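Analysis of the macromolecular model
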Amino acid sequence: MTPNPTAPAVRVRGLTVVYKTPMGELPAVSNVDLTLAPGTITGVVGESGSGKSTLALCLLNAVQSPGRIAAGSVEIDGLGDVVELGGEELRRARGRHVGYVFQAAQNSLNPLKTIGKQLLDLGRSHGVEDLRALVRDAKDLLARMGMDGARVLDSYQHELSGGMRQRVGIMLALVLNAKVVVLDEPTTALDMITQATILRIVREVHDERGLTTLVITHDVGAVAEVADNLAVMYGGRVVEHGPVMEVLGSPRHPYTRGLIRAIPRLSGDISLARALPGRPPTLGTLPAAGCVFRERCDRRMDVCDTVEPVPRTRDGRTVACHAVDAADADADADAGAADRTPTTARRKEYA
Ligand SMILES: Nc1ncnc2c1ncn2[C@@H]1O[C@H](COP(=O)(O)OP(=O)(O)O)[C@@H](O)[C@H]1O
Ligand code: SF4
Ligand SMILES: [Mg+2]
């Protein structure tokens with residue numbers, strides 16, 4: 001879709017987040033660069049522990065102890081570098097500029113207050129003057145997600161199912177009209193059909209309001225339906241990033257290929273679906289040098305053991321992999337040879 005020029009861009013640069021562990025401070029997100037183009041939805045996928053939630057928290061400068069942002073910046077148009085914000089400025093930005101659903105948001109509602117009371121608290125804490133309009137918007141959002149808004153607002157969280165609570169979380173993320181919205185696994189408590197419906201509604205609201213949205217999910221199939229771009233995380237790195245259909249249709253990083261091969265819905269043939277062998281690293285088992293994916297990679301080369309691949313962008317696709325670099329260099333050499341000496345190139349082609 002066409003990016004919306006009034007929506008804010010988000011530029012993550014050189015972002016490193018560490019957690020304190022018995023083995024010292026270890027990075028959960030390492031030197032990540034990621035741009036969310038204005039008006040687009042970026043999906044983030046990757047196995048559990050790859051750093052998706054940690055990255056999402058940084059968009060709100062909300063990494064909690066024992067974690068801390070050790071380096072980098074998160075520039076949001078109209079807000080500045082979120083990493084530099086603190087105190088009251090940061091509190092106002094959360095919800096108002098950046099709407100969010102944290103992972104397991106269905107468990108983060110206040111059990112002692114009705115949803116409606118929590119909505120009003122949220123509105124007041126952000127200086128919303130027209131609270132009636134806020135309630136109207138909330139009911140409207142809930143109705144779109146297939147719920148009786150008035151009844152939900154009168155309910156306590158224990159009166160709602162996990163799926164209903166998740167939809168309440170999405171409503172709370174959208175209701176203050178934030179232009180940047182971060183959704184961390186917003187639909188995991190829902191069945192597949194409802195998941196697809198809710199993501200479609202997120203897409204509709206995103207388009208209507210001109211938002212810039214980040215959606216984290218471990219479901220690569222679901223993200224294809226909703227996102228414009230896809231970022232693939234592994235071991236705290238963004239190993240591949242590009243337009244969602246291109247990344248899913250012709251994955252370049254060996255990890256992305258493995259992820260897609262494991263999903264029959266995407267690989268197109270159940271008999272070909274193959275689980276990715278091995279397990280993702282934990283903070284303690286991440287290799288200190290070389291490529292973080294090498295233990296599980298079917299294209300591993302010597303250089304992968306010692307040199308970390310840097311993300312390189314080509315034709316709007318960003319990939320961090322030595323094998324892809326080598327293939328690109330070959331392709332460039334062939335193209336160069338074809339330009340200069342067509343006969344040699346042709347000879348090579350038919351060799
Ligand atoms: N509070 C914490 N203390 C220590 N390690 C943490 C903490 N939160 C996350 N981690 C570690 O950071 C890494 C990334 O976690 P997370 O961002 O939650 O990944 P994801 O959302 O992709 O599952 C994991 O190895 C996880 O164990
Ligand atoms: S850099 Fe090497 S080990 Fe890492 S994904 Fe590429 S080929 Fe595999
Ligand atoms: Mg997570």
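Each value, and the rule that gives it
- Residues numbered from 1 in each chain as written.
- Chains lettered and ligands numbered in written order.
- Predicted model: local features only at pLDDT ≥ 70, side-chain atom pairs only at ≥ 80, totals over all residues.
- Near = placed C-beta within 6 Å.
- Nonpolar A, V, L, I, M, F, W, Y, C, P; charged D, E, K, R; others polar.
- pLDDT = per-residue confidence, 0-100.
- Contact = placed C-beta atoms within 7 Å.
- Helix = DSSP H or I, 4+ residues; strand = E, 2+ residues; numbered from the N terminus.
- Buried ≥ 20, exposed ≤ 12 C-beta atoms within 10 Å, placed from the backbone.
- Core = buried A, V, L, I, M, F, W, Y, C linked by C-beta atoms within 7 Å.
- Pairing = 2+ DSSP bridges.

A short note on the site of ligand 2
Contacts to ligand 2 come from 13 residues, most closely from C291, C297, C304, C321 and A323. Of the residues that constitute the shell around ligand 2, the class distribution is nine nonpolar, one polar and three charged.

Topic: the confidence of the model for the chain
Mean pLDDT over the chain: 90, with 91% of residues reaching 70 or higher. The low-confidence segment residues 343-351 (pLDDT under 50) makes four contacts with residues lying over four places distant or belonging to another chain.

Some thoughts on unusual backbone geometry
A cis geometry characterises the amide bond from S65 onward to P66, with omega recorded as 15°. Inspection of the secondary structure assignment puts P66 in the loop between α1 (52-58) and β4 (67-76). In this structure, N31 is a non-glycine residue whose phi angle is positive, near 50°. Looking at the element boundaries, N31 is found in strand β2 (residues 24-36). Even without glycine at this site, N177 takes up a positive phi of about 65°. Counting through the fold element by element, N177 comes out in the loop between α6 (162-174) and β7 (180-184). In this structure N177 comes out as partly exposed when scored by C-beta crowding, with 14 C-beta atoms within 10 Å.

Here we look at the environment of V82
Summarising the element assignment, V82 is placed in the loop between β5 (80-81) and α2 (87-96). In sequence terms V82 and L60 are 22 residues apart; their C-alpha atoms lie 6.7 Å from each other. Not counting chain neighbours up to four residues away, the residues in contact with V82 comprise L59, L60, N61, V74, I76 and A93.

Structural notes on the nonpolar core
In terms of nonpolar packing, the biggest core is built from 93 residues, with L59, V182, V223 and V232 touching the most fellow members. It is α6 that contributes the most residues to this core, seven residues altogether. In contact with L59, not counting residues within four places along its chain, are V10, V74, V82, V98, V180, V182 and L214.

Quick word on the site of ligand 1
Near ligand 1 there are 15 residues, and of these Y19, A28, K52, S53 and T54 occur at the shortest range. If you list the elements that add at least two residues to the shell around ligand 1, you get β1 (10-21) and α1. Considering every element that reaches the shell around ligand 1, the biggest residue donor is α1, with three residues. Across the shell around ligand 1, the residue classes break down as four nonpolar, 10 polar and one charged.

With respect to the pairing of β1
Bridge count for β1 against β4 is eight bridges, and the pairing is antiparallel. Opposite V12, over in β4, you have V74 as the bridge partner. Summarising the sheet, β1 and β2 pair through nine bridges and their orientation is antiparallel. In the sheet register, R11 faces β2, and the bridge partner there is T35. In this antiparallel pair of consecutive strands, β1 and β2, the connection spans two residues.

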